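Residue-level structural notes
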Amino acid sequence: MNHFPVFLALEGRRVLVAGGGDAAVAKLRLLLKTTARITVVTKSPAPEIAAWAAYGRLTLIRRAQEPGDALCCVIAYGAHEDAALDARTLRLASADGALVNIVDNLEASQFITPAIVDRDPVVVAIGTEGAAPVLARKIKAELEASLPAQLGLLARIGKGFRRAADALPMGAVRRRFWAAYYDQAGPRAAEAGEDAIRATLDDLLKTHLAAETRPGHVDLVGAGPGDPELLTLKARNALDRADVVIHDRLVAPAILELARREAIIIDAGKEGFGPSTPQEDINALLVRHGLDGNHVVRLKSGDPTVFGRLDEEIEALDAVGLSWTIVPGITAASAAVAGIGQSLTKRGRNGAVRFLTGHDMKGFADQDWTALARPDAVAAIYMGKRAARWMQGRLMMHGAAPATPVTIVENASRPDQAIHAATLGTLPDSLSDVGGPAVLLHGLAPRAAAHAIETREIAL
Ligand code: SAH
């Protein structure tokens, strides 16, 4: 972006236009919409310019530009349609301290004037840095057609009503009031004129003041392992009603698509906070949006109660008296074990299953290695990639066989799901190509392989 768009305050400030032909008239038509004090300097003004001067809408100086004409001007236009005269304007007006635009000469100009769609005070500026004027015209035409003609009127009356609307509590309640005005009530009333718009605003404010201010609420929702079809109906309903969705890095984009169209989506994994958002910042976000009166959905991958730091968030909500609900989800281990056609428990094999984390607050997480090293032990290991070599060492030290199956399920339930059959002995090496989130299923082999092993054992 070589040109930075700004809206220049022109009220009571001076603008100079040097030149009196068609180009000057075209610029003046735009400038006359503003509250600037306009001076035109030209030996031969077009009749329109003379007429505007006669009506007192601008000051006309009938001579060539001289040094000092652009003193105290914020901007000046060279509109002679003559390269030499415009170059002189650039020199003189710059020396006077004004920013200069030469009409239809991007290179010589210190600023450019965008195409505008005018619904004053709502103004849309469109610029292409000279690259595609045709495109700018097309965008302008589309916006002209799509922005209602009364938008300016609604915004002007709305602006005058801001102080009255301050009676509503700041935040979501006030936002809902303005949304109702601009989306529906305002445009409907605009057809009946300005008085109707004002009356509508009064009524709308009364209704919103009378409506019991909705207390905020936070749903702590499990988003499942990634496949949107593995969302619970409750999770979908919560997303449907959400004002704000605060989600983890692992929550799949396809699931975020299901959130209410108007919902504010906050990526608490990255956005604005660097590589990972500190837990205190996430707590603060939940509290702020909740206290604002919003229905907040805290969307966590898998099940929110499994390695999700859920209790810290609940404590933060309790501390400010915000209500909350937990909506369980399908945890990664369930999706992973489904992916390899096995079950987490099996009669005669294992009557218990452990969910382990590879690392905790202190580093690699210590576990009951003796129990895990038993031949029939089954465990789903989360966040285990970095800790794999260390865990392998602990397990083998406690007597686990190197041939114990460990299946790595990467991106469980997602289109790019990958299954890597390994053993405790080969584990760290088998993980070297695993880039996505993965669960290590200790004690379980993919069903086909398990079948093959059993058959081989029988044959032997
Ligand atoms: N609450 C989540 C776990 C969060 S901890 C749940 O119940 O699933 C993050 C870890 O979960 C990752 O490091 C990875 O081990 C695991 N994980 C999350 N989604 C996964 C997926 N789709 N496939 C495999 N593992 C996943």
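Residues numbered from 1 in each chain as written. Predicted model: local features only at pLDDT ≥ 70, side-chain atom pairs only at ≥ 80, totals over all residues. Heavy atoms only, no water.

Another aspect to go through is the overall build of the chain. Along the backbone of the chain there are 17 helices and 19 strands. Taking 23 Å as the expected radius of gyration for a compact globule of 460 residues, we find that the chain reaches 34 Å, considerably beyond that expectation. Taking the principal axes of its C-alpha atoms as reference, the chain extends roughly 110 × 55 × 35 Å. Sorting the 460 residues of the chain into buried and exposed places 43% on the buried side. Taken as a whole, the chain presents about 24,700 Å² of accessible surface, with 55% of it coming from carbon and sulfur. (Helix = DSSP H or I, 4+ residues; strand = E, 2+ residues; numbered from the N terminus. Rg over C-alpha atoms; globule rule 2.2 N^0.38 Å. Buried < 20%, exposed > 50% of the residue type's maximum accessible area, 1.4 Å probe, protein only. Areas by Shrake-Rupley, 256 points an atom, 1.4 Å probe, with all protein chains shown as cover.)

Here strand 6 (residues 115-119) pairs with strand 7 (residues 122-126) via five bridges, running antiparallel. Paired with Val-117 across the bridge in strand 7 is Val-124. In this structure, the hairpin formed by strand 6 and strand 7 is closed by a connection of two residues. (Pairing = 2+ DSSP bridges.)

For any two helices packed against each other, the geometry comes down to the angle between their axes and how far apart the axes lie. In the contact formed by helix 5 (residues 151-160) and helix 7 (residues 172-190), the axes pass within 10 Å of each other and the chain directions differ by 125 degrees. One way to sum up the angle between helix 5 and helix 7 is to call them oblique. With respect to the hand of their crossing, helix 5 and helix 7 are arranged in right-handed fashion. Along the contact surface, helix 5 presents Leu-154, Ala-155, Ile-157 and Gly-158, while helix 7 presents Trp-178, Tyr-181, Tyr-182, Gly-186, Pro-187 and Ala-190. Across the contact of helix 5 with helix 7, the residue classes break down as eight nonpolar, two polar and no charged. (Axes fitted to C-alpha atoms, helices over the stretch in contact; angles between N-to-C directions. Parallel < 35°, antiparallel > 145°, perpendicular 65-115°, else oblique. Left-handed = near helix turned anticlockwise from the far one by under 90°. Contact = heavy atoms within 4.5 Å. Nonpolar A, V, L, I, M, F, W, Y, C, P; charged D, E, K, R; others polar.)

Judged by pairing direction, the sheet is parallel, and its five strands sit side by side in the order 10-9-11-8-12 without closing on themselves. Edge strands, defined here as strands with exactly one partner in the open sheet, are strand 10 (264-267) and strand 12 (323-327). Neighbouring strand axes in the sheet, compared pairwise and without regard to direction, differ in orientation by 20 degrees on average. Both strand 9 (residues 244-247) and strand 10 contribute to a ladder of four bridges, which runs parallel. The residue of strand 10 that forms the bridge with Ile-246 is Ile-266. Its contacts with the sheet put helix 11 (residues 279-291) on strand 8 (217-222), strand 9, strand 10 and strand 11 (295-300), and the angle it makes with strand 11 is roughly 155 degrees.

Turning next to the site of the ligand. Taken together, 18 residues surround the ligand, and among them Asp-303, Val-306, Thr-331, Ala-412 and Ala-438 come closest. The separation between an oxygen atom of the ligand and a polar main-chain atom of Asp-303 is 2.8 Å. At 2.9 Å from an oxygen atom of the ligand is found a main-chain nitrogen or oxygen belonging to Met-383. Looking at the shell around the ligand, its residues break down into 12 nonpolar, four polar and two charged. In terms of domain composition, the shell around the ligand takes at least three residues from each of domain 3 (217-330) and domain 4 (334-459). (Near = heavy atom within 4 Å. Polar contact = N/O pair within 3.5 Å; in protein donor to acceptor, adjacent residues only side chain to side chain. Domains from an automatic or database assignment.)

Once that is clear, we can look at the domain arrangement of the chain. Here the domain parsing of the chain yields domain 1 (14-113), domain 2 (151-210), domain 3 (217-330) and domain 4 (334-459). The gap between the C-alpha centroids of domain 1 and domain 4 is 77 Å.

Looking now at the packing of aromatic side chains. For the structure shown, the criterion picks out 10 aromatic pairs. Here the aromatic rings of Phe-307 and Tyr-382 are separated by 5.1 Å at their centres, their planes lie at 65 degrees, and the arrangement is edge-to-face. Taken together, the residues span a long stretch of sequence, with Phe-307 in the loop between strand 11 and helix 12 (310-319) and Tyr-382 in strand 16 (residues 379-382) at a distance of 75 residues. Take Tyr-382: its relative accessible area is 9%, and that puts it in the buried class. An aromatic cluster of at least three residues, connected via ring pairs, comprises Phe-161, Phe-177, Trp-178, Tyr-181 and Tyr-182. (Phe/Tyr/Trp six-rings, centres within 6.5 Å; stacked < 30°, edge-to-face > 60°.)

Every buried residue of helix 13 (residues 332-339) is listed here: Ala-333, Ala-335, Ala-336 and Val-337. Where helix 13 is buried, its residues contact strand 13 (354-357), strand 16, strand 17 (405-410) and strand 19 (438-442). Gly-341, located one to two residues past helix 13, shows a positive phi value of around 70 degrees.

The next thing to look at is the pattern of salt bridges. Enumeration over the complete set of coordinates arrives at 16 salt bridges. Across the pair Arg-29 and Glu-48 runs a salt bridge, and its minimum N-O distance is 3.8 Å. Remark: Glu-48 occurs in helix 2 (residues 47-54) and Arg-29 occurs in helix 1 (residues 22-31); sequence separation between them is 19 residues. Judged by its relative accessible area of 33%, Glu-48 is partly exposed. For Arg-63, the salt bridge identified is with Asp-69, shortest N-O distance 2.8 Å. Using a relative accessible area of 25% as the deciding quantity, one classes Arg-63 as partly exposed. A relative accessible area of 9% places Asp-69 in the buried class. If you follow the salt bridges from partner to partner, you end up with Asp-248, Arg-298, Lys-300 and Glu-313 in one network. (Salt bridge = Lys/Arg side-chain N within 4 Å of Asp/Glu carboxyl O.)

This paragraph deals with helix 7. With 19 residues, helix 7 extends 25 Å between its outermost C-alpha atoms, agreeing within 8% with the 27 Å of an ideal straight helix rising 1.5 Å per residue. The sharpest bend along helix 7 reaches about 50 degrees and sits at Tyr-181. When we look at burial in helix 7, the residues that qualify are Ala-172, Val-173, Arg-174, Phe-177, Trp-178, Tyr-181, Ala-185, Gly-186, Ala-189 and Ala-190. (Expected span 1.5 Å × (residues − 1). Bend = angle between axes of the 7 residues up to and from the residue.)

For the rest of this paragraph, the subject is the sheet that holds strand 18 (residues 418-423). Spatially, five strands are ordered 13-16-19-17-18 in an open sheet, and the strand pairing comes out mixed. Every other strand in the sheet has two partners, leaving strand 13 and strand 18 as the edge strands with one partner each. The sheet shows a mean angle of 20 degrees between the axes of neighbouring strands, direction not considered. Pairing between strand 13 and strand 16: four bridges, direction parallel. Bridge pairing links Leu-356 to Ile-381 in strand 16. Of the strands in this sheet, strand 13, strand 16, strand 17, strand 18 and strand 19 are in contact with helix 13, which crosses strand 19 at around 65 degrees.

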